[in-house]
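For reference, the chains in residue letters:
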Amino acid sequence: MSEKISEAELVVMEALWERAPQTAADVADRVAAGRDWSVQTVKTLLFRLMAKDVIAADQDGRRFLYRPLVPREEYVAGESGRLVNRLFGGRVSPLVAQLASQDRLTAEDIAELEEILKGLKS
C-alpha cells in the first residue's frame, strides 16, 4: 500500500473489515454512532479509498457493494512498520521502552510480550 489512509478513511475500512460486502448506506449506518456523517460523506470516503486501490465496488443492480482489497493484518503490519521506522530507526526495543517509561504497558501486555519473546527464542 503506497498511499496513506486518513483517520476518517480508517473508520470506513474498519467497518468493511468487520463485514463485507456492504453498501454505502450500510457503512454509514455502522459508522454513524458518534459522528455526524451523512451517507454522502461516507460515499466520498469510499470513493477516496477506491482511488487508493484499497477497496473495490461491485455493482448489484442499482447499488454498489464495497469490499476491502487489503486485509486488515497487511494494513496493520505496514503502518506499524512505518511507525517503527519513522520514530525509532527501525528498532522495536526503543518503542517498547518508550511505552514502558510512560506506564502504558499493563501486566497483561508484559506477559504477552514475554510469551512472544519466549516463542521467538525457541
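Please refer to the structure higher up on the page.
What you are looking at is a predicted structure, and each value in this text was computed from that prediction instead of being measured.

Engineer: Mind showing me how you'd approach the pattern of salt bridges here?
Structural biologist: Between side chains of opposite charge, a pair can form when the charged atoms approach closely. With the rule as written, the count across this model stands at 8 salt bridges. Glu14 is paired through a salt bridge with Arg72; the nearest N and O atoms lie 3.0 Å apart. With Glu14 in helix H1 (residues 7-18) and Arg72 in helix H4 (residues 72-88), the pair connects residues that are 58 residues apart, well separated along the chain. Glu14 sits in the partly exposed class, given a relative accessible area of 30%. With a relative accessible area of 35%, Arg72 lands in the partly exposed category. Of the charged contacts, one joins Lys118 and Glu115 as a salt bridge, the two residues approaching to 3.5 Å between their closest N and O atoms. Of this pair, Lys118 and Glu115 both sit in helix H6 (residues 107-121), separated by 3 residues, roughly a single helical turn.

Engineer: Please explain the pairing of strand S2 (residues 63-68) as it appears in this structure.
Structural biologist: On a regular strand, each side chain points to the face opposite its neighbour's, so the side chains alternate between the two faces of the sheet. Inspection of the sheet shows strand S1 (residues 55-60) paired to S2 by 6 bridges, in the antiparallel sense. Paired with Asp58 across the bridge in S2 is Leu65. Count of turn residues in the S1/S2 antiparallel hairpin: 2 residues, of which Gly61 carries a positive phi of about 70°.

Engineer: I'm lost on the nonpolar core in this one. Help?
Structural biologist: Ranked by internal contacts, the top residues of the largest apolar core, which has 21 residues, are Met13, Leu46 and Ile55. Mapped onto this core, the elements with two or more residues apiece are H1, helix H2 (24-31) and helix H3 (39-51). Top element by residues in this core is H1. It accounts for 7 residues. When near neighbours in sequence (up to four residues on either side) are disregarded, Leu46 contacts Val12, Leu16, Ala24, Ile55 and Tyr66.

Engineer: Just checking my understanding: could you explain the environment of Lys52 for this structure?
Structural biologist: Within the fold, Lys52 resides in the loop between H3 and S1. In the structure, Lys52 is positioned 44 residues away from Ala8 in sequence and 14 Å away in space, judged by C-alpha atoms. Apart from the residues within four sequence positions on either side, Lys52 is in contact with Glu3, Lys4, Ile5, Ser6 and Glu9.

Engineer: Looking at this model, I keep getting lost on the packing of H1 against H3. Mind explaining?
Structural biologist: Packed helix pairs are characterised by how far apart their axes lie and by the angle those axes make with each other. As a packed pair, H1 and H3 sit with axes 10 Å apart at the nearest point and diverge in direction by 85°. In terms of their interaxial angle, H1 and H3 are classed as roughly perpendicular. Across the interface between the two elements, Ala8, Glu9, Val12, Met13 and Leu16 of H1 pack against Leu45, Leu46, Arg48 and Leu49 of H3. Residues of the contact of H1 with H3, tallied by class, amount to 7 nonpolar, no polar and 2 charged.

Engineer: Even after reading the chapter, I still don't get a nonpolar patch on the surface, so can you show me in this structure?
Structural biologist: On the surface, a cluster of nonpolar side chains totalling about 390 Å² of accessible area is made up of Leu113, Ile116, Leu117 and Leu120. Positionally, Leu120 belongs in helix H6. Residue Leu120 is classed as exposed on the basis of its relative accessible area of 66%.

Reading the values: the criteria
Residues numbered from 1 in each chain as written. Predicted model: local features only at pLDDT ≥ 70, side-chain atom pairs only at ≥ 80, totals over all residues. Heavy atoms only, no water. Salt bridge = Lys/Arg side-chain N within 4 Å of Asp/Glu carboxyl O. Helix = DSSP H or I, 4+ residues; strand = E, 2+ residues; numbered from the N terminus. Buried < 20%, exposed > 50% of the residue type's maximum accessible area, 1.4 Å probe, protein only. Pairing = 2+ DSSP bridges. Core = buried A, V, L, I, M, F, W, Y, C linked by side-chain atoms within 4.5 Å. Contact = heavy atoms within 4.5 Å. Axes fitted to C-alpha atoms, helices over the stretch in contact; angles between N-to-C directions. Parallel < 35°, antiparallel > 145°, perpendicular 65-115°, else oblique. Nonpolar A, V, L, I, M, F, W, Y, C, P; charged D, E, K, R; others polar. Patch = residues over 30% accessible without salt bridge, like charges linked within 9 Å, V, L, I, M, F, W, Y side chains within 5 Å. Areas by Shrake-Rupley, 256 points an atom, 1.4 Å probe, with all protein chains shown as cover.

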